Amino acid sequence: MAALGMQPAQVEYLANDAPFVVFDVSPRSLSAEDAARGVSQVSLSYVAVDALSRVEVSTFTRSGMAGAVQVHGLPVRIDCGGGVAGYRQCTVPAIGAAARTSGDLQFGLRVEAEGLDGERSVVLVMLPVQRPMATAPAKRTATATTRRHP
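Notes on the structure follow. (Residues numbered from 1 in each chain as written. Predicted model: local features only at pLDDT ≥ 70, side-chain atom pairs only at ≥ 80, totals over all residues. Heavy atoms only, no water.)

### Thoughts on the overall build of the chain
- Looking only at helices and strands, the chain has 1 helix and 9 strands in total.
- When the elements of the chain are put in sequence order from the N terminus, they spell out β-β-β-α-β-β-β-β-β-β.
- Taken over 150 residues, the chain has a buried fraction of 34%.
- Partitioning the contacts of the chain with sequence separation of at least 6, the portion at a separation of at least 24 is 64%.
- Split by element, the accessible area of the chain, about 9,500 Å² in all, is 53% carbon and sulfur. (Helix = DSSP H or I, 4+ residues; strand = E, 2+ residues; numbered from the N terminus. Buried < 20%, exposed > 50% of the residue type's maximum accessible area, 1.4 Å probe, protein only. Contact = heavy atoms within 4.5 Å. Areas by Shrake-Rupley, 256 points an atom, 1.4 Å probe, with all protein chains shown as cover.)

Take a look at the structure:
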């Protein structure tokens, strides 16, 4: 289920006990070309409704149809804060978003937030990875040859 205004990204709360809410993610889709050059980053914005002891983000990529999901690469874990209540922003490198696979490719953030009393929220944020468009081969143009008759 995607939050209002988050399309084409998808946000799914797997557990929602900690005082934590995903506010936004930017960009909402990734370019495979940028990820391959190492210039892709995702900015995760969240609101801690109450104090949190920690917020960690693990990244991964997955491909395939819903029934046949393959996870690629090792997850990368990033510390995204904690502390007093309020609005926070965390930058996450989009490592692995350019995995060379067939089918649909998504870059995922698994956000784990823990409250001071041990309550936890686990949220998945999935961003589509835009593959480069295949360029059509250039048309060969026939050159006109003129013959001179004697």
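### A few points about the nonpolar core
- Counting 30 residues, the largest nonpolar core has Phe-20 and Leu-109 as its most contacted members.
- At the level of elements, β2 (20-26), β4 (41-48), β5 (52-63), β7 (86-93), β8 (105-115) and β9 (120-130) are the ones that each hand at least two residues to this core.
- The greatest single-element share of this core, amounting to 5 residues, is contributed by β8.
- Ignoring any residue separated from it by four or fewer positions in sequence, one finds Leu-109 in contact with Val-25, Val-42, Val-57, Ser-58, Thr-59, Phe-60, Val-92, Val-123, Leu-124 and Val-125. (Core = buried A, V, L, I, M, F, W, Y, C linked by side-chain atoms within 4.5 Å.)

### Looking at unusual backbone geometry
- Residues Gln-7 and Pro-8 are joined by a peptide bond in cis, for which omega reads 0°.
- Within the secondary structure, Pro-8 sits in the segment before β1 (10-16).
- In this structure, the amide linkage connecting Ser-26 to the following residue, Pro-27, adopts the cis form with an omega of -5°.
- Residue placement: Pro-27 occurs in the loop between β2 and β3 (30-31).

### With respect to the state of the cysteines
- Overall, the coordinates contain 1 disulfide when judged by the stated rule.
- There is a disulfide in this structure between Cys-80 and Cys-90, and the S-S distance comes to 1.9 Å. Judged by the sign of its S-S torsion, about -60°, the bond between Cys-80 and Cys-90 is left-handed. Taken as a pair, Cys-80 in the loop between β6 (70-79) and β7 and Cys-90 in strand β7 lie far apart in primary sequence, 10 residues in all. This pair shows no difference in class: Cys-80 is buried, exactly as Cys-90 is. (Disulfide = S-S within 2.5 Å.)

### Observations concerning the sheet that holds β2
- With antiparallel pairing, the 3 strands of this open sheet are ordered in space as β2-β4-β7. Edge positions in the open sheet fall to β2 and β7, since each of these has one partner strand only. Geometrically, the sheet is characterised by an average inter-axis angle of 25° between neighbouring strands, direction not taken into account.
- Note that β4 and β7 share 8 bridges and pair antiparallel. (Pairing = 2+ DSSP bridges. Axes fitted to C-alpha atoms, helices over the stretch in contact; angles between N-to-C directions.)

### Concerning the packing of aromatic side chains
- This model, assessed by the stated rule, comprises 2 aromatic pairs.
- When the centroid spacing of 5.0 Å and the interplanar angle of 40° are considered together, the rings of Phe-20 and Tyr-46 count as tilted. With Phe-20 in strand β2 and Tyr-46 in strand β4, this residue pair connects regions lying 26 residues apart in the sequence. Both residues of the pair, Phe-20 and Tyr-46, belong to the buried class.
- Centre to centre, the rings of Phe-23 and Tyr-87 are 5.6 Å apart; their planes meet at 90°, and the pair counts as edge-to-face. In this pair, Phe-23 is assigned in strand β2 and Tyr-87 in strand β7, connecting sequence segments 64 residues apart. (Phe/Tyr/Trp six-rings, centres within 6.5 Å; stacked < 30°, edge-to-face > 60°.)

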